[in-house]
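Fold and contact review
One letter stands for each residue in the lines below.
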Amino acid sequence: RILPSEKTGDHLAIDATSTTKGDRSIDRSRLRALMQREEERFVADHPKSRALFERAKRSLLSGVPMHWMVRWAGGFPVFVAEAHGARFRDVDGHEYLDLCLGDTGAMSGHSPKAVVDAVARQAARGITLMLPTEDALWSSEELTRRFGLPFWQFCLTATDANRFSLRLARAITKRPYVLVFNGCYHGTVDETFIGLENGKASSRAGNIGPPVDPTLTTKVVEFNDLDALERALAPGDVACVLAEPALTNVGIVLPQPGFHKSLREITRRTGTFLIIDETHTICAGPGGSTRADSLDPDFLVIGKTIAGGVPAAAYGFTADAAAKIEAMIASDSSDSGGIGGTLAANALSLAAVRATLEHVLTDEAFDRMIANGKRFADGVARAIDKAGLAWHVTRLGCRAEYLFRATPPRNGGEAQAAGDPELDRFMHLYALNRRIVLTPFHMMALMSPVTTADEVDDHTRVFESAISELAAS
């Protein structure tokens, strides 16, 4: 059964704000003319970034150090000189309000002082040792306080944390498959690059050199579709469901009322582990959606945010899972089973984790961040309604995104169908030319602890200007 679409409860962590009955369409010829104007303005404003980009083409693939960076609108990325708090400055001297924040990696703000100081102190007394420090103990206890799971391990990326959790779930259950939701995002885990095309599972478009066909390792169903979930788990061959509490990489897709309760009941009844990936949904509050919505996972993954931008991630599990893991891994072969890594849980990253959780991403900071997330969503919703556009904005805590459809999607398929690359590029570049940065892969804005209400209002004014030009008769 696909749960009925209705507005999610307006509590601390999750809220949806959507437009009314807007029906004004976009004149595509006008959109293309505006885009040409914005591209010319961008090139004229960024001569130094352009020169560096042309030079970079001689030594960096596509002129960028990591190929995702080609996704920025404008023809080339701006090159950054320095970043502090919620802002950064490029090599051409322009200062930007950063609502991308490293696609969540810098949600704490750029170079928060507590993290910078902790990293400097630790770097001076040892960076990596393959031995524990007291910071690891403090950080695991804090993660237990926030998320409820009693046992933790640390690594460098959420991708690693997800991969390790999948391996452990398969090892314990002796089952071959994992299950994910269409439109999910779990880093670069091979098994998760799968989607639904005309209702049939297939390798996701753009999947580069998959080691195996993901349909051999993974089942995929639509988010919020409990009947499909029930059918997929019924054979008893799925080790775990790997789930975001809300989809976050196709625009925000919120769980329908009762979805997570039913997901937990079905996974328990079928002997399937539930892994909750909070890497993006930590925006819901200090304990993510797990704490805000009283979720009860067997494993939990958190990465990107927890070390103030220093590479670090963690995965936690129940006492029952911990006992089975310890019984399964012989100490003499603990370093050869595909879980862990030489630099995982290094002293520097754990010092950054402790400083971030203790002093930056605090409960009080989330109160401010979520209030600004609501302010952002409310401002965008008012502007959409005034312009009469059939768009909507959805918020998850301190994260907000808008999609080019009138109502919030119920699943990944609906969200993907609402994609509009032309509008995406225009809205991103229009904002960028007015010194506001949104996440290049989708229309996402994220609040940091130091983002201000005035800065949120700056975005609202730029957004209003963009859509007034688009919707002009």
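Residues numbered from 1 in each chain as written. Predicted model: local features only at pLDDT ≥ 70, side-chain atom pairs only at ≥ 80, totals over all residues. Heavy atoms only, no water.

Quick look at the sheet that holds strand β13 (residues 313-317) now. Across the sheet, which stays open at both edges, the 7 strands sit in the order β5-β13-β12-β11-β10-β6-β9 with mixed pairing between neighbours. With one partner strand each, in any of the chains shown, β5 (151-155) and β9 (218-221) form the two edges of the open sheet. This sheet shows a mean twist of 20° between the axes of neighbouring strands, independent of strand direction. Sheet strands in contact with helix α7 (residues 259-269) are β6 (177-181), β10 (238-243) and β11 (273-277), and its direction is about 145° off that of β11. (Pairing = 2+ DSSP bridges. Helix = DSSP H or I, 4+ residues; strand = E, 2+ residues; numbered from the N terminus. Axes fitted to C-alpha atoms, helices over the stretch in contact; angles between N-to-C directions. Contact = heavy atoms within 4.5 Å.)

Relative to the assigned elements, A246 resides in the loop between β10 and α7. Residue class for A246 comes out buried when judged on its relative accessible area of 1%. Sequence-wise, A246 and H260 are 14 residues apart; in three dimensions their C-alpha atoms are separated by 9.9 Å. (Buried < 20%, exposed > 50% of the residue type's maximum accessible area, 1.4 Å probe, protein only.)

Glancing now at the nonpolar core. Counting 87 residues, the largest nonpolar core has M107, W391, Y402, F426, M427, F463 and L470 as the members making the most contacts within it. Counting residues per element, this core draws most heavily on helix α11 (residues 363-387), which supplies 11 residues. Excluding its chain neighbours within four sequence positions, the residues that come into contact with M427 are W391, Y402, F404, M443, F463, A466, I467 and L470. If you look at the next biggest cluster of nonpolar residues, it comprises 51 residues, including C240, L247, F299 and Y315. (Core = buried A, V, L, I, M, F, W, Y, C linked by side-chain atoms within 4.5 Å.)

This part covers the environment of I302. By the secondary structure assignment, I302 is in strand β12 (residues 299-303). For I302, a relative accessible area of 0% corresponds to the buried category. Separated by 198 residues in the primary sequence, I302 and T104 place their C-alpha atoms 12 Å from one another. Look past the residues within four positions of I302 in its chain and what remains in contact with it is L143, W152, E278, T279, I282, A313 and A314.

What follows is about the state of the cysteines. Between two cysteines, a covalent bond joining their sulfur atoms is known as a disulfide. Applying the stated criterion to the full structure yields 0 disulfides. Looking at C100, it has no disulfide partner, and the nearest cysteine sulfur is the one in C398, 13 Å off. (Disulfide = S-S within 2.5 Å.)

The next thing to look at is helix α14 (residues 453-470). With 18 residues, α14 extends 26 Å between its outermost C-alpha atoms, agreeing within 8% with the 26 Å of an ideal straight helix rising 1.5 Å per residue. By the burial criterion, the buried members of α14 are E455, V456, H459, T460, V462, F463, A466, I467, E469 and L470. (Expected span 1.5 Å × (residues − 1).)

Here is the key point about a regular strand: its side chains alternate between the two faces of the sheet. Of the pairings in the sheet, the one linking strand β2 (residues 80-84) to strand β3 (residues 87-90) comprises 4 bridges and is antiparallel in character. Residue pairing for β3: E82 is matched across the bridge by R89. Connecting β2 to the antiparallel partner β3 that follows it, the hairpin turn spans 2 residues, and G85 within it adopts a positive phi of roughly 60°.

Once that is clear, we can look at the sheet that holds β3. In spatial order, the strands read β2-β3-β4-β16; together these 4 strands make up an open sheet with mixed pairing. Lying at the two open borders of the sheet, with one neighbouring strand each, are β2 and β16 (436-437).

Moving on: the packing of helix α3 (residues 113-125) against helix α10 (residues 347-360). Two elements in contact, α3 and α10, have axes whose closest approach is 8 Å; the angle formed by their N-to-C orientations is 155°. Taken as axis vectors, α3 and α10 run roughly antiparallel relative to one another. Crossing angle aside, the handedness with which α3 passes α10 is right-handed. Only A347, L348, A351, A352, A355, T356, H359 and V360 of α10 make contact with α3, whose side of the interface consists of A114, V115, A118, V119, Q122 and A123. By residue class, the composition of the contact of α3 with α10 is 11 nonpolar, 3 polar and no charged. (Parallel < 35°, antiparallel > 145°, perpendicular 65-115°, else oblique. Left-handed = near helix turned anticlockwise from the far one by under 90°. Nonpolar A, V, L, I, M, F, W, Y, C, P; charged D, E, K, R; others polar.)

Summed over all chains, the structure comprises 3 cavities of 30 Å³ or more. Quantified by volume, the largest cavity comes out at close to 40 Å³. For the largest cavity, the full set of lining residues is R146, F147, I282, P286, I302, T305, I306, L357, L361 and F366. Considering only residue class, the lining of the largest cavity consists of 8 nonpolar, 1 polar and 1 charged. (1 Å grid on protein atoms, 1.4 Å probe; cavity = no way out; pocket = protein on both sides within 12 Å on 5 of 7 lines; lining within 4 Å. Points joined across faces, edges and corners; volume = space filled by probe spheres on them.)

Function cannot be read off these values alone, since they describe shape.
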